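An overview of the molecular structure
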Amino acid sequence: QVQLVESGGGLVQAGGSLRLSCVASGRTFSRMSMSWFRQAPGKEREFVAGISWSGTSTYYADSVKGRFTISRDNAKNTVFLQMNSLKPEDTAVYYCASSLGHYYSSPRTNDWGYWGQGTQVTVSS
C-alpha cells in the first residue's frame, strides 16, 4: 500500500510562485511513475505533469508547459511541482498520484492507482 501526502498549497497573487511537495510512504517509490493532477470547482480532474521512476522523463499539459516543473528526490520519497507565473485559471485542488506502471505521461485517472488527499492552490487576480 502506498500513501501520498501533499503540502505547499496556499493563496498567491497572479504572477507568483508556489512549490508543492508530495511525500510517499513505502519502499516502492523509486519504481513508481509520479504525477500531478488538478481539479477546479465544477470541472473534471485534469493531468498537469508526470515524471518517470528515474526522473529522466517528464511530460506536461500544454496549459502549464514552460511555467511548471515536476521533479523528484527518490532518496526522500518526494515529488515536487514548482509552479511559476501562476494565473487565476490555475486555481484548483492539486493531487499527487502514483503508479507502478510506465504511465508517466498518461492523462487518464484510471492509470494512476494511488492518490493523495489534495492541496488547495488559489491564485488571485
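Our structure's up above, just so we're on the same page.
Rules of the game
Residues numbered from 1 in each chain as written. Predicted model: local features only at pLDDT ≥ 70, side-chain atom pairs only at ≥ 80, totals over all residues. Heavy atoms only, no water. Helix = DSSP H or I, 4+ residues; strand = E, 2+ residues; numbered from the N terminus. Rg over C-alpha atoms; globule rule 2.2 N^0.38 Å. Buried < 20%, exposed > 50% of the residue type's maximum accessible area, 1.4 Å probe, protein only. Contact = heavy atoms within 4.5 Å. Areas by Shrake-Rupley, 256 points an atom, 1.4 Å probe, with all protein chains shown as cover. Salt bridge = Lys/Arg side-chain N within 4 Å of Asp/Glu carboxyl O. Phe/Tyr/Trp six-rings, centres within 6.5 Å; stacked < 30°, edge-to-face > 60°.

Another aspect to go through is the overall build of the protein chain. Looking only at helices and strands, the protein chain features 0 helices and 11 strands. Going residue by residue from the N terminus, the α and β elements of the protein chain occur as β-β-β-β-β-β-β-β-β-β-β. In terms of C-alpha radius of gyration, the protein chain reaches 13 Å, essentially the compact-globule figure of 14 Å for 125 residues. Overall, the protein chain is about 40 × 25 × 25 Å in size when its C-alpha atoms are taken along their principal axes. Put simply, the protein chain has 125 residues, and 44% of those count as buried. Residue pairs at least 24 apart in sequence account for 59% of intrachain contacts in the protein chain once pairs closer than 6 positions are excluded. Taken as a whole, the protein chain presents about 6,500 Å² of accessible surface, with 47% of it coming from carbon and sulfur.

Before going further, it helps to spend a moment on the pattern of salt bridges. A full pass over the atoms with the stated rule returns 5 salt bridges. Of the charged contacts, one joins arginine 38 and aspartate 90 as a salt bridge, the two residues approaching to 2.9 Å between their closest N and O atoms. In this pair, arginine 38 is assigned in strand 4 (residues 33–39) and aspartate 90 in the loop between strand 8 (78–83) and strand 9 (92–99), connecting sequence segments 52 residues apart. This pair shows no difference in class: arginine 38 is buried, exactly as aspartate 90 is. A salt bridge links arginine 108 to aspartate 111, with the shortest nitrogen-to-oxygen separation between them at 3.0 Å. Under the relative-accessibility criterion, aspartate 111 is labelled buried at 14%. It is possible to trace a salt-bridge network through shared partners that takes in Arg38, Glu46, Arg67 and Asp90.

Take the packing of aromatic side chains next. Each aromatic ring pair is characterised by the separation of its centres together with the angle its planes make. Throughout the structure, instances matching the rule amount to 4 aromatic pairs. Ring centres of phenylalanine 37 and phenylalanine 47 lie 5.5 Å apart, and the angle between their planes is 85°; on these two criteria the pair is classed as edge-to-face. You can see phenylalanine 37 sitting in strand 4 and its partner phenylalanine 47 sitting in strand 5 (residues 46–51), a full 10 residues away along the chain. The same class applies to phenylalanine 37 and to phenylalanine 47, which are both buried. On the basis of an interplanar angle of 70° and a centroid distance of 6.3 Å, the ring pair of phenylalanine 37 and tryptophan 112 is categorised as edge-to-face.

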